[in-house]
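# Observations on the model geometry
One letter stands for each residue in the lines below.
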Amino acid sequence: MSPICSILRESFEDYLGDALPAPQRKMLREHLAACAECLGAAAAKDASFLFARPMPGEVAPDETARILLGVRAGVGHIETERRIGGARRRRFAGAAAAAAVALLVLTIPGGSDARREPGAAALPAPVPSPGTSAQAGSSFGLAPAGLAAEAALPSPGATVYDLNPGADRAEPRVVWIVDRGLDI
Amino acid sequence: MELVYSERLERKGLTELPDRELAIQARGGDMLSFETLVCRKTPAVVSLARRIVGNVEDARDVAQMVFLRVWKEIHRYDERYSLNTWLYRIATNLAIDFLRSARSREKAHGATLHLVREREESTAAGATRSAEDGELARLFEAVSGRLSEKQKAVFVLREMEDCDTKDIARILGCGESTVRNHLFNARRILRKEMVRLYPEFLRGRTPA
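Here's a quick rundown of the structure.

## A word on the nonpolar core
Ranked by internal contacts, the top residues of the largest apolar core, which has 68 residues, are Ala 49, Val 62, Ala 63, Val 66, Ala 91 and Ala 95 of chain B. Once residues lying within four places of it in the same chain are set aside, the contact partners of Ala 91 of chain B are Val 45, Leu 48, Ala 49 and Val 66 of chain B.

## Re the environment of Asp 19 of chain B
Residue and element names in this part refer to chain B. Within the element layout of this structure, Asp 19 appears in helix 2 (residues 19-27). Classification of Asp 19 as partly exposed rests on a count of 17 C-beta atoms within 10 Å. Sequence-wise, Asp 19 and Ser 33 are 14 residues apart; in three dimensions their C-alpha atoms are separated by 9.5 Å. Setting aside chain neighbours within four positions, we find Asp 19 in contact with Leu 37 and Leu 83.

## Digging into helix 2 of chain B
All names here are of chain B. Along helix 2, the residues that are buried comprise Leu 22, Ala 23 and Ala 26. Around the axis of helix 2, the buried residues are gathered within 100° of arc, so they sit on the same side. Phi turns positive one or two residues past the end of helix 2, at Gly 29, with a value near 100°.

## Focus: the packing of helix 2 of chain B against helix 3 (residues 31-53) of chain B
Residue and element names in this part refer to chain B. The contact between helix 2 and helix 3 brings their axes to 7 Å, and the two run at 140°. What the angle tells us is that helix 2 and helix 3 run oblique. Crossing of helix 2 over helix 3 shows left-handed handedness. Contact with helix 2, carried on its side by Asp 19, Leu 22, Ala 23, Gln 25 and Ala 26, involves Ser 33, Phe 34, Thr 36 and Leu 37 of helix 3 and no other residues of that element. Its residues assigned to classes, the contact of helix 2 with helix 3 comprises five nonpolar, three polar and one charged.

## With respect to the interface of chain B and chain A
Opposite the 36 residues of chain B that make contact, chain A presents 29 residues. Where the side of chain B that touches chain A is concerned, the elements lending two or more residues are helix 3, helix 4 (56-73), helix 7 (133-143), helix 8 (149-160), helix 10 (176-197) and helix 11 (199-205) of chain B. Broken down by element, the side of chain B that touches chain A gets its largest block of residues, nine residues, from helix 3 of chain B. Considering only residue class, the side of chain B that touches chain A consists of 18 nonpolar, six polar and 12 charged.

Rules used throughout
Residues numbered from 1 in each chain as written. Chains lettered and ligands numbered in written order. Predicted model: local features only at pLDDT ≥ 70, side-chain atom pairs only at ≥ 80, totals over all residues. Core = buried A, V, L, I, M, F, W, Y, C linked by C-beta atoms within 7 Å. Buried ≥ 20, exposed ≤ 12 C-beta atoms within 10 Å, placed from the backbone. Contact = placed C-beta atoms within 7 Å. Helix = DSSP H or I, 4+ residues; strand = E, 2+ residues; numbered from the N terminus. Arc of directions from axis to C-beta. Axes fitted to C-alpha atoms, helices over the stretch in contact; angles between N-to-C directions. Parallel < 35°, antiparallel > 145°, perpendicular 65-115°, else oblique. Left-handed = near helix turned anticlockwise from the far one by under 90°. Nonpolar A, V, L, I, M, F, W, Y, C, P; charged D, E, K, R; others polar.

As structure tokens, then:
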């Protein structure tokens, strides 16, 4: 037994109590990995000393490659899900915006003749603002069902904001119409 | 003809980058950097997972789950902190979850698995006669069965991976005193199990 062995054996207790400073701890671990006699003494004191060392790595390069392949496939799956989820969210947002616009239009008094109860007094005819087309379907000039949006412009001065220009036909078209000529 | 792009050369360049740089590039969506990181960290993650879940096959599955979780959560990675701590945190938590579900499966099929385990233990006892590093790993798998998931994770991180107590506390999301407590209890249980299962092994180790 060398002098270093006897010095290090005195630190077993501190090691077990997790009270050994990092450099001494490292030194003891390295020594135990190299000195079978001290490892025996340590294990006799506390069997858990046997495991106080890095265990050999079992990962061969081909195993790493296999894991990488699995990860690659998984990442592909995650990305596909993300794309599908994103498209769904966009579609949902478009539909929600369209519904909000429609609700806004219908809840404003005089917004639509169609929602008026039968027998109720007819609303006074809208006052056409200068230049408003007489063909407009309602006081807001929105197109009755079946007409193209372009035909429904309330007045030449109205502005149409297309919220999803160029979107494919599968997605709902969302437009915002600002007509300063309207008298609500 | 001039070589405009080569994945092999780019990958070679990436292998020289530190972990943090690779993680930052992966966070920006660079798949090559991420894959380089996977290759670099696989041995450590599999090794850690194996100590906790107890076998290589399951450890490989856990490692895959770890890297997929890393890819999903990479936007949360804060480069001010060590990548290893973050990675070990994910790996330890997933391995503990895996072990928990495996133990509940084991409870459901208790009788059959008990027989299998007895056979494994007798095989391990035979193997310990000439126990060296490889056998020690198997020995640990046999005697650590009575540790709780947290105790096992703390012991593996502290004794085998040589992590700092402070880092382990961060990895497991608990206090340093809790880590010391788990470590103390893990040692006590391991000591008892070694005496119970392999007394001859300890006698062989005791110096004259």
